[in-house]
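# Remarks on the overall topology
Each chain is listed here by its residues.
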Amino acid sequence: MKNIDSDEYQVMIVDDDAHIRIAVLETLSEENITTIAVQNGFECIEKLKSGFSGVILLDLMMPDMDGWDTVMEIISNDLFKDIIIVVLTARSVPDQKMISVQEYIFDYLVKPIEPEYLIEKVRYALEFLYL
Amino acid sequence: MPSSNNIIIIGSSTGGPHILKTILEDMPKLCAAILIVQHIPASFTESLCSHLQAYTNMPVLIAKEGDIPQESQILIAPTGHQLIIKKNKLIDLSITTRIHSVCPAVDCTMLSIQENMYHQVMGIVLTGMGYDGTEGIQHINAIKGITIAQDPKTAPIATMPQSAINSGAVQFILTPEEIHKKILMFQI
């Protein structure tokens with residue numbers, strides 16, 4: 001069941017780096033893409049349990065619960081519904097454990113994120129999700 | 001409808017839907033069938049089908065057990081099944097085990113194509129993690145098919161096409177736009 005707050009957002013940025021969160025929020029808000037920012041995988045899971053659906057921009061390198069842990073938690077809690085996961089990473093070569101969940105990763109964005117590229121990827125993911 | 005004499009197998013993973021759209025956009029009718037093996041959750045297989053259908057006049061369908069790939073037809077391997085082409089060109093979806101952590105796997109489909117089964121075979125490995133598609137591309141090269149890898153510089157994730165290239169069995173390293181043009185060799 002979706003709640004009203006979650007219905008307002010199309011994109012969730014999950015990153016422990018405040019600079020990235022702010023940059024993504026500003027870039028997407030200029031495109032009228034409503035975005036919510038959370039700091040870690042735990043908060044991401046909570047938002048999903050509250051009914052968030054849309055595009056998740058998920059940082060891989062986070063303390064406590066990293067991107068892979070978060071994807072595993074999403075799968076094991078049966079929360080992979082009406083969402084698309086786009087991974088944000090500083091590394092262009094994925095590690096072995098990401099390969100094991102590759103079918104759940106719709107796309108990759110390598111940091112530093114170019115605003116134009118971010119907008120293109122997010123718009124495409126939203127188009128795919130809400131076709 | 002007769003079975004196709006030519007077959008194109010496209011293997012794709014993370015970042016693939018966008019690349020597939022670029023390759024298939026405005027694709028005219030072909031004297032070849034296209035099989036797409038995309039690593040994607042089951043809940044998105046139909047979305048991928050509808051999405052690609054919006055960009056091409058060729059029918060885009062999810063492959064079913066017993067289908068025979070036909071000319072100007074795009075078939076998508078259903079998630080949770082390995083897509084095998086049997087000797088009689090019938091599609092076999094009975095294998096449901098994962099290979100390289102994925103199901104469907106590009107290698108399974110490519111390796112099922114036997115020499116002289118088709119007049120021409122084209123194998124294409126696009127963006128993705130890992131090395132699925134590498135054995136398949138080697139096989140298609142060995143049976144005198146055409147082998148293509150997406151230029152890693154244009155791939156959101158380069159390891160899958162790079163692995164195919166490193167095998168030495170890739171004949172063409174192309175951008176998505178160039179792959180589109182290459183497929184036009186089958187234009188009716």
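Described in the following lines is the structure provided in the data block. Given the structure is predicted, the values throughout are model-derived calculations rather than measurements. (Residues numbered from 1 in each chain as written. Chains lettered and ligands numbered in written order. Predicted model: local features only at pLDDT ≥ 70, side-chain atom pairs only at ≥ 80, totals over all residues.)

## Quick word on the overall build of chain B
A tally of helices and strands in chain B yields 6 helices and 9 strands. Its C-alpha atoms give chain B a radius of gyration of 14 Å, near enough to 16 Å, the size a compact globule of 188 residues would have. Dimensions of chain B along its principal axes, counting C-alpha atoms only, are 40 × 35 × 35 Å. Taking as baseline every contact in chain B between residues at least 6 positions apart, the subset at least 24 positions apart corresponds to 71%. (Helix = DSSP H or I, 4+ residues; strand = E, 2+ residues; numbered from the N terminus. Rg over C-alpha atoms; globule rule 2.2 N^0.38 Å. Contact = placed C-beta atoms within 7 Å.)

## Let's talk about the interface of chain B and chain A
Facing the 20 residues of chain B at the interface are 16 residues of chain A. Every element with two or more residues in the side of chain B that touches chain A is listed here: helix H1 (16–24) and helix H2 (45–53) of chain B. Looking at the side of chain B that touches chain A, the element that brings in the most residues is H2(B), giving 3 residues. Split into classes, the residues belonging to the side of chain B that touches chain A amount to 8 nonpolar, 12 polar and no charged. (Nonpolar A, V, L, I, M, F, W, Y, C, P; charged D, E, K, R; others polar.)

## Thoughts on the packing of helix H3 (residues 41–49) of chain A against helix H4 (residues 67–76) of chain A
When two helices pack together, you describe them by how their axes are tilted relative to each other and by the distance separating the axes. Residues and elements named next belong to chain A. As a packed pair, H3 and H4 sit with axes 9 Å apart at the nearest point and diverge in direction by 25°. On the basis of their axis angle, the class for H3 and H4 is roughly parallel. Relative to H4, the crossing made by H3 is right-handed. Mapping the contact onto sequence places Gly41, Cys44, Ile45 and Leu48 in H3 and Asp69, Thr70, Glu73 and Ile74 in H4. (Axes fitted to C-alpha atoms, helices over the stretch in contact; angles between N-to-C directions. Parallel < 35°, antiparallel > 145°, perpendicular 65-115°, else oblique. Left-handed = near helix turned anticlockwise from the far one by under 90°.)

## Notes on unusual backbone geometry
With an omega of -5°, the peptide bond running from Lys111(A) to Pro112(A) counts as cis. Within the secondary structure, Pro112(A) is located in the loop between strand E5 (105–110) and helix H6 (115–129). With omega at 15°, the peptide bond leading from Cys103(B) into Pro104(B) counts as cis. With respect to the secondary-structure elements, Pro104(B) resides in the loop between strand E6 (91–92) and helix H3 (106–111). In this structure, His100(B) is a non-glycine residue whose phi angle is positive, near 55°. One can find His100(B) in the loop between E6 and H3. For His100(B), a count of 22 C-beta atoms within 10 Å gives the class buried. A positive phi angle, near 70°, is found at Ser101(B), a position not held by glycine. The residue Ser101(B) is located in the loop between E6 and H3 in this model. Its 16 C-beta neighbours within 10 Å are what place Ser101(B) among the partly exposed residues. (Buried ≥ 20, exposed ≤ 12 C-beta atoms within 10 Å, placed from the backbone.)

Such coordinate-based values are descriptive only and should not be taken to indicate function.
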